[in-house]
Amino acid sequence: MTERSLSSGLAYLDYNATAPMRPAAREVTLAAMQTVGNASSTHRSGRDAAQRVDEARHQVADLLNCSPGEIVFTSGATEANNLALRAAHSAGGTVITSTVEHPAVLETAKNLTASAPGTLKLLSVDADGLVDLDGLHDALSAGDVAIVSLMAANNETGVLTDLAPLVEAAHAAGALFHTDATQMVGRLPVDLAEIDVDLLSLSAHKFGGPQGVGALFVRRGISLPYQPLIFGGGQERGWRAGTLNVAGIAGAGAAAAAAHRGLAEESTRVARLRDLLENTLVEQLGDCRINGALDRRLPGVTSITFHGAPADAVLTAMPDVAASEGSACSSGAPSPSHVLLAMGRSREEADSTVRFSLGYASTRADVDQAIASTIRAVRQVRATMAIPI
């Protein structure tokens, strides 16, 4: 029996969207929900709630190898990204990010620089989805850079960013460096004693915690005035007002602890399953393309373009597999993936791309089911569209 709690008969390969809650996280979350107490109260129930929060703060800090006092709990990575960018930009200046960032970074950066569009610099990526270091140096050379924000791992392709030289370049220019590490935390080691980023965002539900809780790492000693999005009681050292989500935070901590314990084994096992899925589909179906740098990806992610087979039709034809399209739906209007377009893919290629993402509870049975269903679905769609198979 696996650790999943999913619909019977469904091969769940959509971990980049959200991971199933880990049993330990579910148990701790439910237990905390039965505890009455506001973590800001001084009576015994309040102290009990505060102790749960404190334990979770230590667990998340252990996963990142940082100090518990550098962790600010939020409602998720979107809020953490907003907090980081808005605080860094509070005195103005240029914002540098890339064309393949998550909308939580891209849209925030655009909003912050709306009155001075020239202060937003978007770095391009190559066909493998890798950011150009020379492009960053050029953008930094103009001076007055408030912050550089570049993701640790791409949510669509799984491509990893080599952060060290980028951070070094930003710091040499006097800029802060933020990374949206939502997809990387809990899947690969993140050592903040070695990676000198100033700010880092994460979301618990990506590594098996509850939805609706995340965190922002704020390195101690950096010059950064906090700029809360919500004003009120001054919780989280003034970064985020409002009664703490004790149950969610406790669950996030338990998930972080579980991910930390099994990180090495999980990443190796999941990478093997991903490779089996990917290699078999390419071999059996042909006319496919794997998107992203093959040697620099998250262990459980593959973005596959099935030429001649629109992703929405493929996914509809395999209801027993949970995966994602390479296109997003914004305001009810389908639009091609901005990530794939930035990598030089055509709209047709982007519309024919499926992302499979595996995680801690993925099994060989999941992969075998996904292989059989995907082969059948792609062949069916191609035949319907009169494409040779």
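As the structure is a computational prediction, the values presented were derived from the model and not from experiment.

Topic: the sheet that holds strand E9 (residues 288-290)
By definition, the strands of a sheet pair up through backbone hydrogen bonds, in either a parallel or an antiparallel sense. Spatially, four strands are ordered E9-E10-E15-E12 in an open sheet, and the strand pairing comes out antiparallel. The sheet terminates laterally at E9 and strand E12 (324-325), the two strands that pair on one side only. Two strands pair when backbone bridges link them, and strand E10 (residues 301-306) and strand E15 (residues 353-357) are joined in this way by five bridges, in the antiparallel orientation. Pairing of Ser303 across the sheet is with Arg355, part of E15. The strands that helix H7 (residues 246-285) touches are E9, E10 and E15; relative to E10, the one it contacts most, it runs at about 10°.

Quick notes on the pairing of strand E7 (residues 199-203)
Of all the five residues making up E7, five are buried; the element is thus mostly covered by neighbouring parts of the structure. Alignment of strand E6 (residues 176-180) against E7, held across three bridges, turns out to be parallel. When the bridges of E7 are listed, Asp180 appears paired with Ser201. Note that E7 and strand E8 (residues 214-218) share five bridges and pair antiparallel. Its bridge partner lying in E8, Leu199 is registered against Val218.

Side note on the nonpolar core
By size, the foremost hydrophobic cluster in this structure holds 60 residues, and its most contacted members are Leu64, Ile71, Val148, Phe177, Val185 and Leu200. Every residue in contact with Val148, bar those within four places of it in the chain, is listed here: Ile96, Leu136, Leu140, Ala170, Ala175, Leu176, Phe177 and His178. Grouped together as the second largest cluster of nonpolar side chains are 28 residues, Ala309, Val321, Val367 and Val378 included.

Here's the deal with the sheet that holds strand E2 (residues 71-74)
One open sheet accounts for seven strands, arranged E2-E8-E7-E6-E5-E3-E4; its pairing is mixed. Each of the sheet's edge strands pairs with one partner strand only, and the pair in question is E2 and strand E4 (120-123). Here the average twist between neighbouring strands, direction ignored, is 20°. Sheet topology note: the E2/E8 ladder contains four bridges and is antiparallel. By the bridge assignment for E8, Ile71 is matched with Phe217.

Regarding the packing of aromatic side chains
Scanning the entire structure with this criterion turns up two aromatic pairs. Seen from their ring centres, Tyr15 and Tyr360 are 6.2 Å apart, and the 85° between their planes marks the pair as edge-to-face. Taken together, the residues span a long stretch of sequence, with Tyr15 in the loop between strand E1 (11-12) and helix H1 (23-33) and Tyr360 in the loop between E15 and helix H11 (364-384) at a distance of 345 residues. Using a relative accessible area of 1% as the deciding quantity, one classes Tyr15 as buried. Among the aromatic side chains, those forming a connected cluster through ring pairs are Tyr12, Tyr15 and Tyr360. Here Arg22 stacks its cationic end above the ring of Tyr360, 4.1 Å away from the centre of that ring.

Regarding helix H5 (residues 133-140)
The set of residues buried in H5 consists of Leu136, Ala139 and Leu140. Buried residues of H5 fall within an arc of 95° about the axis and therefore sit on the same side. Facing away from the buried side of H5 by more than 90 degrees, the exposed set consists of Asp134 and Asp138. Check the buried side of H5 and you find it contacts strand E3 (94-98), E4, strand E5 (145-149) and helix H6 (163-172). Near the N-terminus of H5, the side chain that reaches the backbone nitrogen of Asp134, with its oxygen 3.2 Å away, is that of Asp132.

A word on the confidence of the model for the protein
Summarising the model, the protein shows a mean pLDDT of 93, and 95% of its residues fall at 70 or more. Counting interchain partners and residues more than four positions distant, the pLDDT-below-50 stretch residues 329-333 has two contacts.

Parameters and conventions
- Residue numbers here run from 1 along each chain, matching the order of that chain's written sequence.
- Local features are withheld for residues below a pLDDT of 70 in this predicted model, meaning they are given only at 70 or higher, and side-chain atom pairs are given and counted only at 80 or more; totals for whole chains, interfaces and linings count all residues.
- In computing side-chain properties, one takes all heavy atoms of the structure into account and sets aside hydrogens as well as water.
- Note on pairing: DSSP must find at least two bridges between two strands before they are called paired.
- In this text, helices come from DSSP runs of H or I with a minimum length of four residues, and strands from runs of E with a minimum of two, each type numbered from the N-terminal end.
- We call two residues contacting when some pair of their heavy atoms lies within 4.5 Å.
- All axes are obtained by fitting lines to C-alpha atoms, using only the stretch in contact for helices, and the reported angles, taken between N-to-C directions, cover 0 to 180 degrees.
- Only protein chains enter the accessibility calculation, which uses a 1.4 Å probe; a residue whose area is less than 20% of its type maximum is buried, one above 50% is exposed, and one in between is partly exposed.
- Residues belong to one nonpolar core when they are buried, are Ala, Val, Leu, Ile, Met, Phe, Trp, Tyr or Cys, and are joined through side-chain atoms within 4.5 Å.
- Classification of ring pairs uses Phe, Tyr and Trp, with its six-membered ring standing for Trp, and accepts pairs whose centres are within 6.5 Å; under 30 degrees between planes counts as stacked, over 60 as edge-to-face, and the remaining range as tilted.
- Our definition puts a charge over a ring when NZ of Lys or CZ of Arg is within 6 Å of the ring centre and also within 35 degrees of the ring normal.
- Throughout, the arc means that of the directions going from the helix axis to the C-beta atoms.
- A 3.5 Å cut-off defines polar contacts: any pair of N or O atoms within that distance qualifies, except that in protein one atom must be a possible hydrogen donor and the other a possible acceptor, and neighbouring residues in sequence count only when both atoms are side-chain atoms.
- One confidence number per residue, pLDDT, is output by the predictor and ranges from 0 to 100.

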